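# Observations on the three-dimensional arrangement
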Amino acid sequence: MVPTVFFLLQQTATDTPARGPIMGYIPIALLFAISLAIPVGALTVGRFFRRTVMTQEKMMPYECGVDPVGDARDRISVRYYIIAMLFLIFDVETIFLFPWAVVFDQLALFGLIEALIFIAILVVGYYYAWRKGALDWA
Amino acid sequence: MLPLLVELPPLPTLRDTAFIMPEIILTLFAGAALVLDVALPRSKKHLTAYFSLIGLAFVAIALAQQVAMTASLLPISAFYGMLFIDGLSVVFRFVFIVAAAFSILYSIKYLEFEREQRGEYYALILFSTLGMMFVATSGDLIALFVSFELMSLSVYVLVGYFKRDKRSNEAAMKYFLTGIFSSALMLYGLSLVYGVTGHTNLGLISETIAGYVQGGTAESGDPRLLLMVALVLVAAGLLFKIAAVPFHMWAPDAYEGAPTTVTAFMSVGPKAGAYVLLARMLLFALAPMREMENLPGWAALLAVVAVLTMTVGNLAAVTQDNVKRLLAYSSIAHAGYILLGIVSGTDMGYQGVAFHIMTYTLMNTGVFAIIIALHRQGVIGENLNDLNGLFSRAPSAAVLMLIFILGLAGIPSTAGFVGKFFLFGSLIQSGKPWLTYIAIIAVLNAVVAFYYYARFARAMFLNAPSENIADASPLLLAPSVRITLTLSAIAVLFFGIYPQPLINVADIVAQSITTVYAQSSGIALR
Amino acid sequence: MTFQQLLFIGFAALVLGGGIAVVLLRNPLYGAFALITSFVGLSALYVMMGAQFIGAAQIVVYAGAIMMLFVFVIMLLNVRADEERPPRHRFLVWLAAPLALLLSAGLWLAVAGVQGDRAPSGEAGTVERVGKNLMTRYLLPFELTSVLILLAVVGALHLAKREKE
C-alpha cells in the first residue's frame, strides 16, 4: 500500500504535458479515496463492537431536538427560489473571474480595467436587486 | 487549426473601443434606465421611456460616424477580428435603433393604461437592441452567440412582462422553452463548426470550409457530412427565431399572448436580428456550402423551407379572426419571402432582403401601433371585428392603417410592392429553372395574402361599427405617436413610388455581402 | 487497454448511467441526484481531454448552483413521486427509440468523415490559457457575458418577484 502511494506521487512529481493531464490528479484521487475510507471504515468497524438498542425516540428524524411536525416533503416558499437564482447568477460571474485571477500578473493594469468593467456592469444588477427588495426576506 | 494563444497578443487599444462607441453608449443608457427605474417614484416612471429615447438618439449619432466606413470594400476589423464593420452591420443597426425607438414610443401610453409602467420594460428593450447591434457587428461565433442570446433573453422576459395576465405568462413559457431549446441546438451546431474547422472567426471558417468543399482530401476523410449536420442544427436554431415552417408553432401563441407593444417589437427587431445572423452564417461562414457535389447544399434546403413557410403562413392567416394571430401568420409568410432573397444568391435578392426588412419594420410597427391605440380597459380590441367602422370613428387612424396594410399586402405604389418585386424578381433573374417555379409559387402566395389583408379594409371602411365597442372615447394616440405614424405612412408611399434612395441603402448591404464573401481571406485576425 | 482508456470507460459509464437514471427514475429528487452524478462524470471527462477549466466550471456551476436550483424547484412544486403521467401519445415513446438510433447512426457516419486528431494540444484548457484567451482575443464576448448576466438578474427578478403594492 504505502510503496504504491509513493510510486504514484513520484509519477505526479515528474508530470509533463506529454503524459496528459491525468497524472496530476492522482493526489486528489488519493485524498478522495482516503476521505471515503475513514468514515466507511469507522462505521463498519463500529458495527462489530456496539450494542444496538432501537427505541421509538431514537428512530425519530432529528429536528433540532424538538418533536418533528408534519411531513418533511412540504412545499417550500418561492423566496428560496429567488435566492437560489441570484446565487446561480453570481456564481456564473465568479467562474468568469477565475481565469482572470490566474493571469492577473501578466495582464496587469489592462486586465484590472477589464475585470472592473465586468464587475461594474454586474454591480448595476446587484443595486437593482437590492433596491427591488430581492435580498429582503420579508 | 488556429493555435490558442500561448503568449499575450498585443492588447486592444482605444482604436478598437472607438468602433463599439454606439454599443458602449447603449449599454450605459440601458444600465442607467434600470437604475432610474428603482430611483424614480411610481408617478414618474414614464420618464424612463423618454430617457431611453434620448439614449437611442445618441446611439444613432455615434453610429452615423461609421457610415463613412461602409465606403471601403473590405470590412474594418477590430478586437482581434471579433468585430467587423461593413455595410450590412451599419445599415441594420440603424434598422434596430428605429425599431426600438418606435416600440418605446408606442408603449408609453399603453403601459400607463395597463398600470405596468416600469423602467425595466424600457431597459429590456434597450438590452435586446444591444444584443441585436452586436449580432450585426460580430464576426465570431462566440460573440455572435452571446449577443444573440442577449437579444433573445430580453424578449423572453418582455413576452411575459404582464405577470398578472395568464395569456402573457403562457406565451412567455411556450416561447422561452422552445426558444431556449432551439438556441441549444444552434449552439451544438456552432460547436461542430468549430470542431471541424478549428476556428471561431467567420472569415477563417469560410476559408477552411471552402477548402473542404472544393476537394475533400482523401487522407482527412470527408468532413462535409459533419458540416451538414452542423448546418442543419444552426439553421434550425435560426429558422426558429424567424418563425419559419416547420419551426413556426410558437409564433401565433407568443404573438397573441404577449403585450401588444412587445408583439410589435419582436415582430421587427429581434426578427431582423435573426435574419442578420442567418445572412452572416449562410452567406459568409457557410457560404461555400450553398451547393456541393453529391450532397445537397443549403440553397436547396432553404428553398424548401421558404416555400413551406410562405404557403403555410398565408393559408393559416386566412382563417384567423384575432388580429395578433393573423399578423403572426402574416409575419411567418413574410419570413418565407425574405428567405427567397437569400436562396436566389443574386445582388438583387440581397437588395430585396434589405429593402423588405427596412420597409416591413415601418409597416408592421405601424399596424401594431393602431391596434395598440384601439386597446381599452375591458375591451381588448384584438379581434378583427373590433376594427369595424373604424373609418367613421377615427378616419385618420383608419387611413393610416389602410396604408400599412396595403404595404404589407404588397400593392403597387407602396414600399411593400418594391420589396416583393426585388425578392421574386431575383429568383427569375438568377436564371435557374427551379427558382423560376418557386417565383410562381411566391406570386400565387401573394394573391392569397391579398384576401386576408382585404378583410382589414372591409372591416374598417365597409362594416358598421360593432355595438360593444361603440364607446366614443378617443383612440389612445398621443401627438408624438400620430406624427411618427404619419411619417411612416408617408415613407411607405414615398418609397413605393420613388424607391431609389432606399434601394441605394439596400445596395450597400448587398455589396457588403458579395464583397465580403469574395474576400473572406482578407478578414483574418488583426 | 491503457490506464487512460480504462478511466474513460469508467467516467463515460458514470455519465451515461446517470443520464439513463434521470430518464427512468420516477422520483424527481432522485432524478436530480442522478443528474449530479452524470455531471461529475462529465467533468472528469473534460479534465481527461485537458479542459481543466471547463471541468471545474462544470462542477461549480452545473453540479453546484444549477442543481441546487433544480432541487429548489422540485421542492417548490412538490411533485409526488407516484403521480401518474397522462397516457396520451404513447406511440411517440415507441417512435423515440428508432429515431434516436437513426440520429446516432447519422452522427456516427458524419463524425467518421472527420479524421485525424483535432483536439487542441495538451495544455490548451488550463485555466491560465483560458484566461489569456478570454481576456484578450475573446474580450468582447467576455464583457458581453456580464451584460447577459445582468439581464438574467433583471429577468429573473421581474418574473419571479412578487410586487410590493
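Residues numbered from 1 in each chain as written. Chains lettered and ligands numbered in written order. Predicted model: local features only at pLDDT ≥ 70, side-chain atom pairs only at ≥ 80, totals over all residues.

Summing up its helical and strand segments, chain B has 20 helices and 2 strands in all. Over its C-alpha atoms chain B spans a radius of gyration of 23 Å, differing by no more than 12% from the 24 Å that the globule rule assigns to 526 residues. Dimensions of chain B, computed from C-alpha atoms along their principal axes, come out at roughly 75 × 55 × 40 Å. Relative to its full complement of 526 residues, chain B shows a buried share of 60%. Considering only contacts within chain B whose residues lie at least 6 apart along the sequence, 80% involve residues at least 24 apart. (Helix = DSSP H or I, 4+ residues; strand = E, 2+ residues; numbered from the N terminus. Rg over C-alpha atoms; globule rule 2.2 N^0.38 Å. Buried ≥ 20, exposed ≤ 12 C-beta atoms within 10 Å, placed from the backbone. Contact = placed C-beta atoms within 7 Å.)

Our focus in this paragraph is the overall build of chain C. The number of helices and strands found in chain C is 6 helices and 0 strands. Walking chain C from its N terminus toward its C terminus, one meets helices and strands in the order α-α-α-α-α-α. For chain C, restricting intrachain contacts to residue pairs at least 6 apart in sequence, the fraction spanning at least 24 positions comes to 58%.

To continue, consider the interface of chain C and chain B. Counting residues at the interface gives 30 residues for chain C, matched by 41 residues for chain B. Listing elements by their share of the side of chain C that touches chain B, those giving two or more residues are α4 (90-112), α5 (127-135) and α6 (139-160) of chain C. Here the element with the most residues in the side of chain C that touches chain B is α6(C); it accounts for 13 residues. Grouping the amino acids of the side of chain C that touches chain B by side-chain chemistry returns 18 nonpolar, 8 polar and 4 charged. (Nonpolar A, V, L, I, M, F, W, Y, C, P; charged D, E, K, R; others polar.)

In a pair of packed helices, the angle between the axes and the distance between the axes together describe the arrangement. The geometry of helix α6 (residues 141-159) of chain B relative to α6(C) is characterised by a closest axis approach of 10 Å and an angle of 15° between their N-to-C directions. Taken together, α6(B) and α6(C) sit at an angle that is classed as roughly parallel. Crossing of α6(B) against α6(C): the hand is left-handed. Contacts between α6(B) and α6(C) involve B:I142, B:A143, B:V146, B:S147, B:E149, B:L150, B:L153, B:S154 and B:V157 from the first element and C:L140, C:P141, C:L144, C:T145, C:V147, C:L148, C:L151, C:A152, C:G155, C:H158 and C:L159 from the second. When the residues that make up the contact of α6(B) with α6(C) are grouped by side-chain class, the tally is 14 nonpolar, 5 polar and 1 charged. (Axes fitted to C-alpha atoms, helices over the stretch in contact; angles between N-to-C directions. Parallel < 35°, antiparallel > 145°, perpendicular 65-115°, else oblique. Left-handed = near helix turned anticlockwise from the far one by under 90°.)

Examined against the element boundaries, B:A210 turns out to sit in helix α8 (residues 202-214). Sequence separation between B:A210 and B:A287 is 77 residues; the distance between their C-alpha atoms is 8.2 Å.

This brings us to the nonpolar core. Residues and elements named next belong to chain B. With 248 residues, the main nonpolar core has L126, V159 and L238 as its most contacted residues. For this core, the element with the highest residue contribution is helix α14 (residues 347-374), accounting for 18 residues. In this view, L238 contacts M186, A274, L277, L278 and M281; residues no more than four positions away in its chain are not counted. (Core = buried A, V, L, I, M, F, W, Y, C linked by C-beta atoms within 7 Å.)

A separate point is the confidence of the model for chain B. Residue and element names in this part refer to chain B. Scored by pLDDT, chain B has a mean of 86; 91% of the residues are at 70 or more. For chain B, per-element mean pLDDT is lowest for strand β1 (residues 76-78), which scores 75, and highest for α6, which scores 94. When the criterion is pLDDT under 50, residues 521-526 qualifies, and its contacts beyond four places in sequence or with other chains add up to 19 contacts. (pLDDT = per-residue confidence, 0-100.)

All names here are of chain B. Taking 1.5 Å of rise per residue, 28 residues should cover 40 Å, and helix α4 (residues 87-114) covers 40 Å from first to last C-alpha, within 8% of that figure. Considering bend angle alone, the principal kink of α4 is centred on S107 and spans about 40°. Here α4 lies mainly inside the structure; 23 of its 28 residues are buried. Within two residues after α4, R115 carries a phi angle of roughly 55°, on the positive side. (Expected span 1.5 Å × (residues − 1). Bend = angle between axes of the 7 residues up to and from the residue.)

All names here are of chain B. Their axes nearest at 9 Å, the elements α6 and helix α7 (residues 166-197) cross at an angle of 175°. Comparing the axis directions of α6 and α7 gives the class roughly antiparallel. Here α6 contributes L141, F145, E149, S152, Y156 and V159 to the contact with α7, which in turn contributes S168, A171, A172, Y175, F176, G179, S183, L187, L190, V193 and Y194. Looking at the contact of α6 with α7 residue by residue, the class counts come to 12 nonpolar, 4 polar and 1 charged.

In this assembly, 41 residues from chain A lie in contact with 45 residues from chain C. Looking at the side of chain A that touches chain C, the elements that each hand over two or more residues are α3 (78-102) and α4 (104-131) of chain A. In terms of residue count, α3(A) provides more of the side of chain A that touches chain C than any other element does, 18 residues in total. In terms of residue class, the side of chain A that touches chain C is made up of 31 nonpolar, 4 polar and 6 charged.

What follows deals with the confidence of the model for chain C. Scored by pLDDT, chain C has a mean of 83; 86% of the residues are at 70 or more. For this predicted complex, the interface score ipTM comes out at 0.88, while the overall pTM is 0.90.

What follows is about the environment of C:S38. All names here are of chain C. Within the secondary structure, S38 sits in helix α2 (residues 28-48). For the pair S38 and L14, spaced 24 residues apart in sequence, the C-alpha to C-alpha distance is 5.8 Å. If sequence neighbours within four positions are ignored, S38 has contacts with L14, V15, G18, G19 and V22.

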